[in-house]
Amino acid sequence: MPSGEKIKICQQCGTCTGSCPTSYLMDYGPREVIAAFRAGMIDKVVKSNTIWLCTSCYSCTVRCPANIKITDLMYELKRLAIKYDLLPKDSKNPAMTKYFIDNVSKYGRNHEVGLMAKFMLTKDWGMPFRFAGLGLKLFTAGRLPLAPKQIRGKEEIAKMSAYLDAQEAKAQ
Amino acid sequence: MKYLYYPGCSAESTGKAYDISTRTVMEKLGVELAELDDWNCCGATSYFSTREIDSFAIAARNLSIAQQQGDDDLCVICNACYTTLAKTNRYMAESAHVYEQVNGALNAVGRSYDGTKPVRHIMDVLINDVGLEAIESKVTRRLTGLKVAPYYGCQYSRPIGSFDDTEDPQTMDRFFEALGADVLTDFPAKLKCCGGMMMLTNADVALRLCHEILKSAKDMGADVIVAACPLCEMNMEGYQPRVNSAFGTDYNIPVMYFTQLAGLALGADPKQLGLGMQAVSCAPVLAAIPA
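(A) Broad picture of the environment of W52(A). For W52(A), the location among the structural elements is in the loop between helix 3 (42-47) and helix 4 (59-63). The buried category is assigned to W52(A), whose relative accessible area is 3%. Sequence spacing of W52(A) and Y84(A) is 32 residues, and the spatial spacing of their C-alpha atoms is 15 Å. Among residues more than four places away in sequence, those in contact with W52(A) are K78(A), A81(A), I82(A), L87(A), P88(A), S91(A), N93(A), P94(A), M198(B) and N202(B).

(B) Summary view of the interface of chain B and chain A. Taken together, the 66 residues of chain B in the interface contact 62 residues of chain A. Between the two partners, chain B and chain A, sit 13 salt bridges. We note a salt bridge from K149(A) to E12(B), for which the minimum N-O separation is 3.9 Å. Counting the contacts that link chain B with chain A gives 29 residue pairs in polar contact (both at pLDDT 80 or more). Contributing elements (two or more residues each) for the side of chain B that touches chain A: helix 2 (44-48), helix 3 (52-69), helix 4 (79-94), helix 5 (96-107), helix 9 (198-201), helix 10 (203-219) and helix 11 (230-238) of chain B. When residues of the side of chain B that touches chain A are assigned to their parent elements, the largest contribution, six residues, is made by helix 3 of chain B. Classifying every residue of the side of chain B that touches chain A gives 28 nonpolar, 21 polar and 17 charged.

(C) Representation of the packing of aromatic side chains within the structure. Within the structure shown, the criterion is met by nine aromatic pairs over all chains. Taking the centre distance of 5.2 Å and the plane angle of 50 degrees together, the rings of F56(B) and Y91(B) count as tilted. With F56(B) in helix 3 and Y91(B) in helix 4, this pair connects stretches of sequence that are 35 residues apart. For the pair F56(B) and Y91(B), a shared accessibility class is recorded, and that class is buried. The aromatic ring of Y91(B) is capped on one face by K69(A), whose charged end is 4.4 Å from the ring centroid. Geometry around W39(B) places R109(A) over its ring, the cationic atom sitting 3.5 Å from the centre.

(D) Examining the sheet that holds strand 1 (residues 2-6) of chain B more closely. Residues and elements named next belong to chain B. Taken in spatial order, the four strands of this open sheet run 2-1-3-4, and their pairing is parallel. Strands with a single pairing partner mark the edges of an open sheet, and in this sheet they are strand 2 (32-35) and strand 4 (119-121). The sheet shows a mean angle of 40 degrees between the axes of neighbouring strands, taken without regard to direction. Here strand 3 (residues 74-76) runs beside strand 4; their pairing, made up of three bridges, is parallel. Following the sheet pairing, V76 is matched in strand 4 by H121. Contacts from helix 6 (residues 122-130) reach strand 1, strand 3 and strand 4, with the element oriented near 80 degrees to strand 4.

(E) Main features of the packing of helix 1 (residues 16-28) of chain B against helix 6 of chain B. Residue and element names in this part refer to chain B. Across the interface, helix 1 lies against helix 6 with an axial gap of 13 Å and an inter-helix angle of 15 degrees. When the axes of helix 1 and helix 6 are compared, the pair comes out roughly parallel. In the crossing of helix 1 with helix 6, the sense of the turn from one axis to the other is left-handed. In this structure, helix 1 contributes Y18, T22 and M26 to the contact, and helix 6 contributes I122, V125 and L126. Taken together, the residues that form the contact of helix 1 with helix 6 break down as five nonpolar, one polar and no charged.

(F) A look at helix 2 (residues 30-38) of chain A. Residues and elements named next belong to chain A. Three or more residues of helix 2 are buried, namely P30, V33, I34 and A36. Along the axis of helix 2, the buried positions cluster into a sector of 165 degrees, meaning they face one direction only. As for helix 2, its buried residues are in contact with helix 1 (15-19), helix 3 and helix 5 (70-83). Looking one or two residues past helix 2, G40 carries a phi angle of roughly 80 degrees, positive in sign.

(G) A look at the domain arrangement of chain A. You can read the domains of chain A as domain 1 (4-83) and domain 2 (93-171). Put simply, the middle of domain 1 of chain A and the middle of domain 2 of chain A, counted by C-alpha atoms, are 27 Å apart.

(H) Broad picture of the sheet that holds strand 7 (residues 224-227) of chain B. Residue and element names in this part refer to chain B. Judged by pairing direction, the sheet is parallel, and its four strands sit side by side in the order 6-5-7-8 without closing on themselves. Of all strands in the sheet, those bounded by a partner on one side alone are strand 6 (182-183) and strand 8 (255-257). Bridge count between strand 5 (residues 147-150) and strand 6: two bridges; the pairing is parallel. Each bridged residue has a counterpart across the sheet, and for V148 the counterpart in strand 6 is V183. Here helix 13 (residues 258-265) sits on the sheet and contacts strand 5, strand 7 and strand 8; the angle it forms with strand 8, its principal contact strand, is near 80 degrees.

(I) Structural context of the domain arrangement of chain B. Residues and elements named next belong to chain B. Partitioning chain B into domains gives domain 1 (2-122) and domain 2 (132-285). Its C-alpha centre places domain 1 at a distance of 24 Å from the equivalent point of domain 2. Facing 26 residues of domain 1, the contacting portion of domain 2 comprises 30 residues. Each partner contributes to the roughly 2300 Å² buried at the junction of domain 1 and domain 2, and carbon and sulfur atoms together form 69% of this total. Along the contact surface separating domain 1 from domain 2 lie zero salt bridges. Taken together, the links from domain 1 to domain 2 amount to six residue pairs in polar contact (both at pLDDT 80 or more). Secondary structure elements with two or more residues in the side of domain 1 that touches domain 2: helix 1, helix 2 and helix 4. Considering each element in turn, the side of domain 1 that touches domain 2 owes the most residues, nine residues, to helix 1.

Calculation criteria
- Residues numbered from 1 in each chain as written.
- Chains lettered and ligands numbered in written order.
- Predicted model: local features only at pLDDT ≥ 70, side-chain atom pairs only at ≥ 80, totals over all residues.
- Heavy atoms only, no water.
- Helix = DSSP H or I, 4+ residues; strand = E, 2+ residues; numbered from the N terminus.
- Buried < 20%, exposed > 50% of the residue type's maximum accessible area, 1.4 Å probe, protein only.
- Contact = heavy atoms within 4.5 Å.
- Salt bridge = Lys/Arg side-chain N within 4 Å of Asp/Glu carboxyl O.
- Polar contact = N/O pair within 3.5 Å; in protein donor to acceptor, adjacent residues only side chain to side chain.
- Nonpolar A, V, L, I, M, F, W, Y, C, P; charged D, E, K, R; others polar.
- Phe/Tyr/Trp six-rings, centres within 6.5 Å; stacked < 30°, edge-to-face > 60°.
- Lys NZ or Arg CZ within 6 Å of the ring centre and 35° of its normal.
- Pairing = 2+ DSSP bridges.
- Axes fitted to C-alpha atoms, helices over the stretch in contact; angles between N-to-C directions.
- Parallel < 35°, antiparallel > 145°, perpendicular 65-115°, else oblique.
- Left-handed = near helix turned anticlockwise from the far one by under 90°.
- Arc of directions from axis to C-beta.
- Domains from an automatic or database assignment.
- Buried area = accessible area lost by both parts, 1.4 Å probe.

The following block contains the structure:
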(Lines give C-alpha, C1' and ligand atoms only; values in the text may rest on other atoms or scores of the structure.)
Protein backbone atom coordinates (compact mmCIF):
# COMPACT_ATOMS: atom_id res chain seq x y z
CA MET A 1 0.00 0.00 0.00
CA PRO A 2 1.74 3.23 -1.12
CA SER A 3 2.49 5.58 1.83
CA GLY A 4 1.12 3.02 4.30
CA GLU A 5 3.84 3.99 6.77
CA LYS A 6 1.91 7.18 7.49
CA ILE A 7 -0.23 5.43 10.10
CA LYS A 8 2.74 5.95 12.41
CA ILE A 9 1.95 9.66 12.60
CA CYS A 10 -1.76 9.29 13.44
CA GLN A 11 -2.51 11.59 16.37
CA GLN A 12 -5.78 9.82 17.24
CA CYS A 13 -7.91 12.92 16.65
CA GLY A 14 -10.93 10.88 15.55
CA THR A 15 -11.83 13.01 12.52
CA CYS A 16 -12.08 9.76 10.53
CA THR A 17 -14.59 8.16 12.87
CA GLY A 18 -16.60 11.39 13.07
CA SER A 19 -16.71 11.61 9.25
CA CYS A 20 -17.66 7.98 8.67
CA PRO A 21 -21.28 7.37 7.60
CA THR A 22 -21.33 3.87 9.11
CA SER A 23 -19.01 4.15 12.14
CA TYR A 24 -22.03 3.98 14.45
CA LEU A 25 -22.42 0.31 13.49
CA MET A 26 -18.76 -0.67 13.66
CA ASP A 27 -17.15 -2.83 16.33
CA TYR A 28 -14.22 -0.41 16.15
CA GLY A 29 -14.27 2.98 14.45
CA PRO A 30 -11.47 3.86 12.01
CA ARG A 31 -9.54 5.74 14.73
CA GLU A 32 -9.56 2.63 16.91
CA VAL A 33 -8.56 0.49 13.94
CA ILE A 34 -5.39 2.54 13.53
CA ALA A 35 -4.69 2.39 17.28
CA ALA A 36 -5.16 -1.39 17.28
CA PHE A 37 -3.02 -1.75 14.16
CA ARG A 38 -0.16 0.11 15.82
CA ALA A 39 -0.55 -1.85 19.05
CA GLY A 40 -0.08 -5.08 17.14
CA MET A 41 -3.70 -6.17 17.65
CA ILE A 42 -4.30 -6.61 13.95
CA ASP A 43 -6.19 -9.88 14.38
CA LYS A 44 -8.91 -8.11 16.37
CA VAL A 45 -9.65 -5.54 13.70
CA VAL A 46 -9.31 -7.97 10.83
CA LYS A 47 -11.99 -10.16 12.41
CA SER A 48 -14.27 -7.24 13.23
CA ASN A 49 -17.28 -6.10 11.23
CA THR A 50 -15.63 -2.69 10.75
CA ILE A 51 -13.80 -3.31 7.52
CA TRP A 52 -16.90 -4.77 5.85
CA LEU A 53 -18.94 -1.70 6.75
CA CYS A 54 -16.59 0.67 4.92
CA THR A 55 -18.46 1.97 1.87
CA SER A 56 -15.32 3.47 0.22
CA CYS A 57 -16.77 6.98 0.50
CA TYR A 58 -13.28 8.42 1.23
CA SER A 59 -14.62 11.02 3.71
CA CYS A 60 -12.01 9.99 6.28
CA THR A 61 -9.21 10.01 3.72
CA VAL A 62 -9.78 13.56 2.52
CA ARG A 63 -10.18 14.92 6.05
CA CYS A 64 -7.29 13.18 7.81
CA PRO A 65 -4.87 15.89 9.02
CA ALA A 66 -2.01 13.40 8.74
CA ASN A 67 -2.96 12.46 5.15
CA ILE A 68 -3.40 8.82 6.06
CA LYS A 69 -5.17 6.95 3.29
CA ILE A 70 -7.66 5.33 5.64
CA THR A 71 -9.90 3.92 2.91
CA ASP A 72 -6.86 2.18 1.44
CA LEU A 73 -6.04 0.83 4.89
CA MET A 74 -9.55 -0.65 5.10
CA TYR A 75 -8.96 -2.33 1.73
CA GLU A 76 -5.66 -3.70 3.05
CA LEU A 77 -7.47 -5.18 6.07
CA LYS A 78 -10.15 -6.67 3.80
CA ARG A 79 -7.39 -8.34 1.84
CA LEU A 80 -5.87 -9.78 5.02
CA ALA A 81 -9.26 -11.05 6.18
CA ILE A 82 -9.87 -12.79 2.86
CA LYS A 83 -6.32 -14.16 2.65
CA TYR A 84 -6.34 -15.67 6.15
CA ASP A 85 -10.01 -16.59 6.05
CA LEU A 86 -10.90 -14.43 9.04
CA LEU A 87 -14.35 -13.51 7.83
CA PRO A 88 -17.32 -12.67 10.01
CA LYS A 89 -19.84 -15.50 9.73
CA ASP A 90 -22.77 -13.35 8.65
CA SER A 91 -20.89 -11.04 6.28
CA LYS A 92 -22.02 -11.21 2.67
CA ASN A 93 -19.47 -8.71 1.36
CA PRO A 94 -16.55 -11.11 0.83
CA ALA A 95 -18.75 -13.33 -1.37
CA MET A 96 -19.85 -10.31 -3.38
CA THR A 97 -16.22 -9.30 -3.85
CA LYS A 98 -15.27 -12.79 -4.98
CA TYR A 99 -18.15 -13.14 -7.44
CA PHE A 100 -17.45 -9.70 -8.86
CA ILE A 101 -13.87 -10.67 -9.61
CA ASP A 102 -14.86 -14.09 -11.02
CA ASN A 103 -17.24 -12.24 -13.31
CA VAL A 104 -14.62 -9.78 -14.57
CA SER A 105 -11.98 -12.52 -14.96
CA LYS A 106 -14.41 -14.48 -17.12
CA TYR A 107 -15.85 -11.75 -19.34
CA GLY A 108 -13.56 -8.74 -18.88
CA ARG A 109 -16.56 -6.71 -17.74
CA ASN A 110 -18.97 -6.98 -14.87
CA HIS A 111 -22.22 -8.62 -15.89
CA GLU A 112 -24.58 -7.17 -13.28
CA VAL A 113 -27.39 -9.70 -13.83
CA GLY A 114 -25.07 -12.68 -13.53
CA LEU A 115 -23.42 -11.23 -10.43
CA MET A 116 -26.74 -10.63 -8.71
CA ALA A 117 -28.14 -14.02 -9.67
CA LYS A 118 -25.11 -15.84 -8.25
CA PHE A 119 -25.17 -13.75 -5.11
CA MET A 120 -28.86 -14.37 -4.51
CA LEU A 121 -28.59 -18.12 -5.11
CA THR A 122 -25.68 -18.60 -2.73
CA LYS A 123 -25.97 -15.88 -0.12
CA ASP A 124 -29.45 -14.44 0.08
CA TRP A 125 -32.45 -16.61 -0.72
CA GLY A 126 -34.86 -13.95 0.43
CA MET A 127 -33.52 -11.39 -2.02
CA PRO A 128 -35.36 -12.59 -5.15
CA PHE A 129 -38.64 -11.93 -3.34
CA ARG A 130 -37.64 -8.52 -2.03
CA PHE A 131 -36.09 -7.63 -5.38
CA ALA A 132 -38.95 -8.97 -7.55
CA GLY A 133 -40.84 -5.69 -7.93
CA LEU A 134 -37.79 -3.60 -8.81
CA GLY A 135 -36.27 -6.42 -10.87
CA LEU A 136 -39.34 -6.65 -13.08
CA LYS A 137 -39.41 -2.89 -13.55
CA LEU A 138 -35.74 -2.77 -14.50
CA PHE A 139 -36.04 -5.77 -16.77
CA THR A 140 -39.02 -4.32 -18.64
CA ALA A 141 -37.16 -1.03 -19.03
CA GLY A 142 -34.22 -2.90 -20.61
CA ARG A 143 -31.91 -2.22 -17.68
CA LEU A 144 -31.13 -5.88 -16.95
CA PRO A 145 -29.71 -7.49 -20.11
CA LEU A 146 -29.38 -11.24 -19.60
CA ALA A 147 -26.42 -11.86 -21.91
CA PRO A 148 -22.98 -10.81 -20.65
CA LYS A 149 -20.83 -8.52 -22.80
CA GLN A 150 -17.46 -10.11 -23.38
CA ILE A 151 -14.33 -8.30 -24.42
CA ARG A 152 -11.88 -9.62 -27.01
CA GLY A 153 -8.99 -9.42 -24.59
CA LYS A 154 -10.64 -11.21 -21.70
CA GLU A 155 -7.73 -13.65 -21.32
CA GLU A 156 -5.48 -10.67 -20.60
CA ILE A 157 -7.22 -10.09 -17.26
CA ALA A 158 -6.41 -13.60 -16.03
CA LYS A 159 -2.89 -13.44 -17.47
CA MET A 160 -2.12 -10.20 -15.63
CA SER A 161 -3.39 -11.70 -12.36
CA ALA A 162 -1.29 -14.81 -12.93
CA TYR A 163 1.80 -12.66 -13.49
CA LEU A 164 1.11 -10.76 -10.24
CA ASP A 165 0.51 -14.06 -8.39
CA ALA A 166 3.96 -15.22 -9.49
CA GLN A 167 5.53 -11.91 -8.44
CA GLU A 168 3.92 -12.17 -5.01
CA ALA A 169 5.11 -15.76 -4.57
CA LYS A 170 8.63 -14.70 -5.54
CA ALA A 171 8.64 -11.88 -3.00
CA GLN A 172 7.68 -14.18 -0.13
CA MET B 1 -13.57 18.89 -29.46
CA LYS B 2 -12.89 15.18 -29.20
CA TYR B 3 -12.52 12.66 -26.39
CA LEU B 4 -11.98 8.99 -25.86
CA TYR B 5 -14.95 7.68 -23.95
CA TYR B 6 -15.11 5.08 -21.18
CA PRO B 7 -18.76 4.13 -20.44
CA GLY B 8 -18.16 1.54 -17.67
CA CYS B 9 -19.99 -1.73 -17.04
CA SER B 10 -23.13 -0.26 -15.48
CA ALA B 11 -23.68 1.83 -18.59
CA GLU B 12 -24.44 -1.42 -20.40
CA SER B 13 -27.19 -2.47 -18.00
CA THR B 14 -28.73 -0.68 -15.02
CA GLY B 15 -27.12 2.62 -16.01
CA LYS B 16 -27.85 2.41 -19.74
CA ALA B 17 -29.72 5.71 -19.68
CA TYR B 18 -26.55 7.45 -18.46
CA ASP B 19 -24.69 6.27 -21.57
CA ILE B 20 -27.59 7.09 -23.93
CA SER B 21 -28.08 10.58 -22.50
CA THR B 22 -24.34 11.28 -22.40
CA ARG B 23 -23.99 10.55 -26.11
CA THR B 24 -27.02 12.74 -26.89
CA VAL B 25 -25.85 15.68 -24.78
CA MET B 26 -22.32 15.58 -26.15
CA GLU B 27 -23.63 15.47 -29.71
CA LYS B 28 -25.84 18.50 -28.99
CA LEU B 29 -22.78 20.31 -27.68
CA GLY B 30 -20.64 19.36 -30.65
CA VAL B 31 -18.31 17.14 -28.63
CA GLU B 32 -17.15 13.97 -30.35
CA LEU B 33 -16.84 10.80 -28.26
CA ALA B 34 -14.87 7.80 -29.50
CA GLU B 35 -15.57 4.76 -27.34
CA LEU B 36 -12.45 3.17 -25.91
CA ASP B 37 -11.67 0.01 -27.85
CA ASP B 38 -12.22 -3.29 -26.02
CA TRP B 39 -12.32 -1.60 -22.59
CA ASN B 40 -12.52 -3.78 -19.50
CA CYS B 41 -14.06 -3.29 -16.06
CA CYS B 42 -12.23 -0.60 -14.10
CA GLY B 43 -12.03 -3.00 -11.15
CA ALA B 44 -14.38 -0.94 -8.98
CA THR B 45 -14.09 -1.36 -5.22
CA SER B 46 -14.03 -5.15 -5.39
CA TYR B 47 -10.57 -5.41 -6.90
CA PHE B 48 -9.08 -3.19 -4.20
CA SER B 49 -10.34 -5.78 -1.72
CA THR B 50 -8.31 -8.64 -3.15
CA ARG B 51 -4.92 -7.36 -4.22
CA GLU B 52 -4.33 -3.66 -4.66
CA ILE B 53 -1.85 -4.10 -7.48
CA ASP B 54 -4.36 -6.17 -9.51
CA SER B 55 -6.80 -3.28 -9.39
CA PHE B 56 -4.18 -0.87 -10.74
CA ALA B 57 -3.13 -3.37 -13.41
CA ILE B 58 -6.60 -3.95 -14.81
CA ALA B 59 -7.38 -0.24 -14.70
CA ALA B 60 -4.08 0.42 -16.48
CA ARG B 61 -5.03 -1.94 -19.32
CA ASN B 62 -7.73 0.59 -20.21
CA LEU B 63 -5.33 3.50 -19.96
CA SER B 64 -2.77 1.70 -22.06
CA ILE B 65 -5.37 1.11 -24.78
CA ALA B 66 -6.38 4.77 -24.52
CA GLN B 67 -2.82 5.88 -25.08
CA GLN B 68 -2.58 3.67 -28.16
CA GLN B 69 -5.92 4.78 -29.53
CA GLY B 70 -5.21 8.48 -29.59
CA ASP B 71 -4.03 11.69 -27.97
CA ASP B 72 -7.43 12.80 -26.70
CA ASP B 73 -8.23 12.79 -23.00
CA LEU B 74 -10.25 9.90 -21.60
CA CYS B 75 -13.74 11.04 -20.58
CA VAL B 76 -15.43 8.93 -17.88
CA ILE B 77 -19.06 9.18 -16.74
CA CYS B 78 -19.25 6.93 -13.67
CA ASN B 79 -17.89 8.42 -10.43
CA ALA B 80 -16.44 5.09 -9.32
CA CYS B 81 -14.76 4.33 -12.67
CA TYR B 82 -13.40 7.86 -12.73
CA THR B 83 -11.88 7.53 -9.27
CA THR B 84 -10.42 4.09 -9.94
CA LEU B 85 -8.80 5.13 -13.23
CA ALA B 86 -7.53 8.48 -11.93
CA LYS B 87 -6.24 6.84 -8.74
CA THR B 88 -4.22 4.43 -10.86
CA ASN B 89 -2.45 7.34 -12.54
CA ARG B 90 -1.81 8.98 -9.19
CA TYR B 91 -0.41 5.88 -7.52
CA MET B 92 1.75 5.03 -10.53
CA ALA B 93 3.27 8.50 -10.19
CA GLU B 94 3.68 8.24 -6.40
CA SER B 95 5.17 4.78 -6.24
CA ALA B 96 7.93 3.30 -8.38
CA HIS B 97 6.91 -0.12 -7.08
CA VAL B 98 3.34 0.28 -8.35
CA TYR B 99 4.67 1.58 -11.68
CA GLU B 100 6.95 -1.41 -12.15
CA GLN B 101 4.45 -4.02 -11.08
CA VAL B 102 1.71 -2.60 -13.27
CA ASN B 103 4.01 -2.52 -16.26
CA GLY B 104 5.21 -6.03 -15.50
CA ALA B 105 1.62 -7.25 -15.64
CA LEU B 106 0.91 -5.24 -18.80
CA ASN B 107 4.08 -6.53 -20.47
CA ALA B 108 2.87 -10.06 -19.80
CA VAL B 109 0.03 -9.34 -22.23
CA GLY B 110 2.11 -7.31 -24.67
CA ARG B 111 1.14 -3.87 -23.37
CA SER B 112 2.73 -1.02 -21.46
CA TYR B 113 1.62 2.25 -19.88
CA ASP B 114 3.56 5.30 -18.69
CA GLY B 115 0.91 6.62 -16.26
CA THR B 116 0.21 9.88 -18.04
CA LYS B 117 -3.12 9.53 -19.90
CA PRO B 118 -5.38 12.31 -18.61
CA VAL B 119 -8.54 10.85 -17.04
CA ARG B 120 -11.38 13.37 -17.02
CA HIS B 121 -14.79 13.25 -15.36
CA ILE B 122 -17.52 14.26 -17.80
CA MET B 123 -18.45 17.23 -15.61
CA ASP B 124 -14.82 18.40 -15.71
CA VAL B 125 -15.01 18.28 -19.52
CA LEU B 126 -18.33 20.15 -19.60
CA ILE B 127 -17.33 22.90 -17.19
CA ASN B 128 -13.69 23.42 -18.12
CA ASP B 129 -13.45 22.50 -21.80
CA VAL B 130 -16.89 23.12 -23.29
CA GLY B 131 -17.57 25.96 -20.84
CA LEU B 132 -20.74 27.22 -19.22
CA GLU B 133 -21.23 30.11 -21.66
CA ALA B 134 -21.17 27.81 -24.65
CA ILE B 135 -23.55 25.41 -22.92
CA GLU B 136 -25.92 28.22 -21.94
CA SER B 137 -25.99 29.46 -25.54
CA LYS B 138 -27.27 26.06 -26.69
CA VAL B 139 -30.16 25.86 -24.21
CA THR B 140 -33.49 25.73 -26.02
CA ARG B 141 -35.70 24.93 -23.04
CA ARG B 142 -34.56 26.64 -19.84
CA LEU B 143 -35.25 24.72 -16.63
CA THR B 144 -36.86 27.82 -15.10
CA GLY B 145 -38.40 27.21 -11.70
CA LEU B 146 -37.32 23.58 -11.53
CA LYS B 147 -35.94 22.80 -8.08
CA VAL B 148 -32.90 20.62 -8.72
CA ALA B 149 -31.08 18.83 -5.88
CA PRO B 150 -27.50 18.28 -7.09
CA TYR B 151 -26.32 14.98 -5.66
CA TYR B 152 -22.58 14.57 -6.14
CA GLY B 153 -21.98 11.30 -4.33
CA CYS B 154 -18.75 10.10 -2.83
CA GLN B 155 -16.31 9.48 -5.63
CA TYR B 156 -17.14 12.58 -7.66
CA SER B 157 -14.47 14.65 -5.96
CA ARG B 158 -13.21 12.31 -3.25
CA PRO B 159 -10.46 11.38 -2.80
CA ILE B 160 -8.82 13.10 -5.79
CA GLY B 161 -10.44 16.53 -5.86
CA SER B 162 -8.83 17.44 -9.16
CA PHE B 163 -11.66 19.43 -10.74
CA ASP B 164 -13.81 20.23 -7.71
CA ASP B 165 -13.58 20.59 -3.95
CA THR B 166 -13.59 17.44 -1.82
CA GLU B 167 -15.73 19.02 0.92
CA ASP B 168 -18.00 21.40 -0.96
CA PRO B 169 -18.16 20.69 -4.68
CA GLN B 170 -19.99 23.30 -6.77
CA THR B 171 -19.59 22.30 -10.40
CA MET B 172 -22.96 20.58 -10.70
CA ASP B 173 -24.64 23.61 -9.11
CA ARG B 174 -23.03 25.97 -11.64
CA PHE B 175 -23.88 23.62 -14.49
CA PHE B 176 -27.60 23.54 -13.72
CA GLU B 177 -27.69 27.28 -13.02
CA ALA B 178 -26.42 27.73 -16.57
CA LEU B 179 -29.37 25.64 -17.74
CA GLY B 180 -31.72 28.01 -15.92
CA ALA B 181 -32.70 25.71 -13.04
CA ASP B 182 -33.52 26.75 -9.50
CA VAL B 183 -30.58 24.84 -7.99
CA LEU B 184 -30.82 23.87 -4.32
CA THR B 185 -27.30 25.05 -3.59
CA ASP B 186 -27.66 24.31 0.12
CA PHE B 187 -28.73 20.70 -0.40
CA PRO B 188 -27.18 19.25 2.79
CA ALA B 189 -27.01 15.64 1.58
CA LYS B 190 -25.18 16.40 -1.64
CA LEU B 191 -22.06 14.54 -0.53
CA LYS B 192 -23.63 11.91 1.74
CA CYS B 193 -22.91 8.31 0.87
CA CYS B 194 -25.74 6.25 -0.71
CA GLY B 195 -24.30 2.98 0.61
CA GLY B 196 -22.97 1.83 -2.75
CA MET B 197 -22.67 -1.94 -3.13
CA MET B 198 -23.96 -2.34 0.41
CA MET B 199 -27.48 -2.18 -0.95
CA LEU B 200 -26.93 -5.82 -1.85
CA THR B 201 -24.80 -6.97 1.08
CA ASN B 202 -25.99 -4.84 4.05
CA ALA B 203 -29.34 -3.53 2.85
CA ASP B 204 -30.41 -2.13 6.25
CA VAL B 205 -27.39 0.16 6.33
CA ALA B 206 -27.75 1.34 2.73
CA LEU B 207 -31.50 1.90 3.01
CA ARG B 208 -30.93 4.18 5.98
CA LEU B 209 -28.29 6.17 4.10
CA CYS B 210 -30.64 6.59 1.13
CA HIS B 211 -33.46 7.54 3.47
CA GLU B 212 -31.34 10.39 4.81
CA ILE B 213 -30.59 11.68 1.32
CA LEU B 214 -34.20 11.41 0.15
CA LYS B 215 -35.47 13.09 3.31
CA SER B 216 -33.06 15.94 2.84
CA ALA B 217 -34.20 16.38 -0.79
CA LYS B 218 -37.85 16.27 0.20
CA ASP B 219 -37.36 18.77 3.03
CA MET B 220 -35.73 21.13 0.53
CA GLY B 221 -38.72 20.78 -1.79
CA ALA B 222 -36.72 19.20 -4.62
CA ASP B 223 -38.55 18.41 -7.88
CA VAL B 224 -35.74 16.14 -8.97
CA ILE B 225 -32.42 14.75 -7.73
CA VAL B 226 -29.64 14.61 -10.31
CA ALA B 227 -26.83 12.05 -10.02
CA ALA B 228 -23.50 11.40 -11.73
CA CYS B 229 -23.03 7.75 -10.80
CA PRO B 230 -25.03 4.63 -11.79
CA LEU B 231 -24.82 3.12 -8.32
CA CYS B 232 -26.05 6.29 -6.59
CA GLU B 233 -28.85 6.62 -9.13
CA MET B 234 -29.97 3.01 -8.69
CA ASN B 235 -29.88 3.13 -4.90
CA MET B 236 -31.76 6.41 -4.57
CA GLU B 237 -34.25 5.72 -7.33
CA GLY B 238 -34.85 1.99 -7.56
CA TYR B 239 -34.91 1.45 -3.84
CA GLN B 240 -37.36 4.23 -2.93
CA PRO B 241 -40.21 1.72 -2.37
CA ARG B 242 -37.97 -0.30 -0.03
CA VAL B 243 -36.96 2.86 1.83
CA ASN B 244 -40.64 3.75 2.12
CA SER B 245 -41.58 0.41 3.64
CA ALA B 246 -38.58 0.43 5.99
CA PHE B 247 -39.11 3.96 7.30
CA GLY B 248 -42.85 4.56 6.79
CA THR B 249 -42.18 7.35 4.28
CA ASP B 250 -43.86 8.14 0.97
CA TYR B 251 -41.00 9.30 -1.22
CA ASN B 252 -41.73 9.46 -4.92
CA ILE B 253 -38.91 11.73 -5.99
CA PRO B 254 -37.66 11.50 -9.58
CA VAL B 255 -33.93 10.77 -9.76
CA MET B 256 -32.21 11.41 -13.08
CA TYR B 257 -28.71 11.18 -14.46
CA PHE B 258 -27.60 14.76 -14.71
CA THR B 259 -27.13 14.26 -18.45
CA GLN B 260 -30.80 13.30 -18.83
CA LEU B 261 -31.99 16.59 -17.38
CA ALA B 262 -29.34 18.53 -19.27
CA GLY B 263 -30.52 16.88 -22.48
CA LEU B 264 -34.04 18.18 -21.93
CA ALA B 265 -32.70 21.72 -21.55
CA LEU B 266 -30.72 21.26 -24.76
CA GLY B 267 -33.89 20.31 -26.61
CA ALA B 268 -33.35 16.54 -26.92
CA ASP B 269 -36.28 14.19 -27.27
CA PRO B 270 -36.96 12.25 -24.01
CA LYS B 271 -36.46 9.02 -25.99
CA GLN B 272 -32.89 10.06 -26.86
CA LEU B 273 -32.26 10.43 -23.13
CA GLY B 274 -33.54 7.06 -21.93
CA LEU B 275 -36.14 8.76 -19.76
CA GLY B 276 -38.56 5.85 -20.12
CA MET B 277 -36.08 3.65 -18.27
CA GLN B 278 -36.47 5.34 -14.90
CA ALA B 279 -38.15 3.38 -12.10
CA VAL B 280 -39.67 6.55 -10.61
CA SER B 281 -41.61 8.37 -13.30
CA CYS B 282 -40.01 11.56 -14.63
CA ALA B 283 -43.36 12.83 -15.96
CA PRO B 284 -43.70 15.46 -13.19
CA VAL B 285 -40.27 16.85 -14.14
CA LEU B 286 -41.19 17.05 -17.81
CA ALA B 287 -44.46 18.75 -16.90
CA ALA B 288 -42.70 21.26 -14.65
CA ILE B 289 -40.26 22.53 -17.32
CA PRO B 290 -41.66 25.43 -19.32
CA ALA B 291 -42.03 24.41 -22.99
